Amino acid sequence: MANLAILASGNGSNFQAIAEVIANSRHKIVCLVCDRRNAFVFKRAENMNIPSFYVSYKNRDKAGAEREIAEILSESSADLIALAGFMRLLTPELIDKYPGKIINIHPSLLPKYPGTHGIKDSYDSEDFELGITIHRIDYGLDTGPVIVQKSFTRCGDESLDEIESKIHKLEHKHYPAVLQGILDDI
Ligand code: GRF
């Protein structure tokens, strides 16, 4: 049995997909950490009885916010950390506390279209192969060793909404499974 912590900032559809799969495994989600007070992901955590923590980045330096996150992760005995729509870059100080143990999902086929608009940038591109990347993080923005990429071929006449929902469908299928596989090996 291993302990998973999830960091998120917003809607939390990936959080939900992960939580549903982990609930049926021998592993445990020990906490949600979120940097936006009104994020919908808090509601999802509450519905699933998962402890959640709001960590504010306002009016303090990043190091202070991250010290608070590090304390929560340590007190929760987290073995693995999943970033699921967490909209901040972690500093090397926090990353180095969990070497190789912080996983991220990004809604494009990295190294293409890193950053906050991965779906829109993919959609606006001339690429026919679109998809997702699950990777271990390093100090960069959406960089770090790739664990898996999943893709689909677009017809070319889908709307942005349709592409977005195809990408989320891939995320919700593969992110929980990849995390469970890593937890199994801890
Ligand atoms: C996902 O598309 C994920 O790939 C990206 O942020 C989005 C989060 O969505 N990093 P949600 O909050 O899980 O619904």
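In this report, the structure presented in the accompanying data block is examined. In this text, all values refer to a predicted model and were calculated from it rather than measured experimentally. (Residues numbered from 1 in each chain as written. Predicted model: local features only at pLDDT ≥ 70, side-chain atom pairs only at ≥ 80, totals over all residues. Heavy atoms only, no water.)

Observations regarding the sheet that holds strand β7 (residues 146-153)
Strand order in the open sheet formed by seven strands is β3-β2-β1-β4-β5-β6-β7, and the pairing between neighbours is mixed. Only two strands of the sheet have a single partner each, and these edge strands are β3 (52-54) and β7. Strand-to-strand twist in this sheet, taken as the mean axis angle between neighbours without regard to direction, amounts to 20°. For strand β1 (residues 3-8) and strand β4 (residues 80-83), the ladder comprises four bridges, and the chain directions are parallel. Considered in β4, the bridge of A5 is made with I81. In the packing of helix α6 (residues 160-184) onto the sheet, contacts are made with β1, β4, β5 (102-106), β6 (129-136) and β7, and the angle to β6 comes to roughly 30°. (Pairing = 2+ DSSP bridges. Helix = DSSP H or I, 4+ residues; strand = E, 2+ residues; numbered from the N terminus. Axes fitted to C-alpha atoms, helices over the stretch in contact; angles between N-to-C directions. Contact = heavy atoms within 4.5 Å.)

Concerning the nonpolar core
Counting 34 residues, the largest nonpolar core has L4, I6, I18, I29, L32, Y175 and L179 as its most contacted members. Mapped onto this core, the elements with two or more residues apiece are β1, α1 (13-23), β2 (28-34), α2 (41-47), β4, β5, β6 and α6. Of all the elements, α6 adds the most residues to this core, at eight residues. Not counting residues within four places of it along the chain, the set of residues in contact with Y175 comprises N14, I18, A82, L83, A84, I103, N104, I105 and I134. Judged by nonpolar contacts, the second largest core, of 22 residues, contains V55, Y57, A78 and F86. (Core = buried A, V, L, I, M, F, W, Y, C linked by side-chain atoms within 4.5 Å. Buried < 20%, exposed > 50% of the residue type's maximum accessible area, 1.4 Å probe, protein only.)

So, the site of the ligand
Near the ligand the following residues occur: N11, G12, S13, N14, G85, I105, H106, P107, H168 and E171. A distance of 2.8 Å is found between an oxygen atom of the ligand and a backbone nitrogen or oxygen belonging to G12. One of the side-chain nitrogen or oxygen atoms of S13 is found 2.5 Å away from an oxygen atom of the ligand. If the ligand stood free it would expose 370 Å²; the protein chains cover 84% of that surface. For the shell around the ligand, the elements supplying multiple residues, two or more each, are α1, β5 and α6. Its residues assigned to classes, the shell around the ligand shows two nonpolar, seven polar and one charged. (Near = heavy atom within 4 Å. Polar contact = N/O pair within 3.5 Å; in protein donor to acceptor, adjacent residues only side chain to side chain. Areas by Shrake-Rupley, 256 points an atom, 1.4 Å probe, with all protein chains shown as cover. Nonpolar A, V, L, I, M, F, W, Y, C, P; charged D, E, K, R; others polar.)

A look at the packing of aromatic side chains
According to the stated counting rule, one finds zero aromatic pairs in the structure shown. It is R88 that lies over the ring of Y57; its NZ or CZ is 3.9 Å from the centre. (Phe/Tyr/Trp six-rings, centres within 6.5 Å; stacked < 30°, edge-to-face > 60°. Lys NZ or Arg CZ within 6 Å of the ring centre and 35° of its normal.)

Observations concerning the side chain of N3
Mapping N3 onto the fold places it in strand β1. Look at N3 and you get buried, because its relative accessible area is 12%. Looking at N3, its side chain comes within polar contact range of the main-chain oxygen of S77, at 3.0 Å. With near-sequence residues (within four places) excluded, N3 lies in contact with K28, V30, S76, S77, A78, D79, L80 and L183.

Bear in mind that shape data such as this cannot, by itself, settle questions of function.
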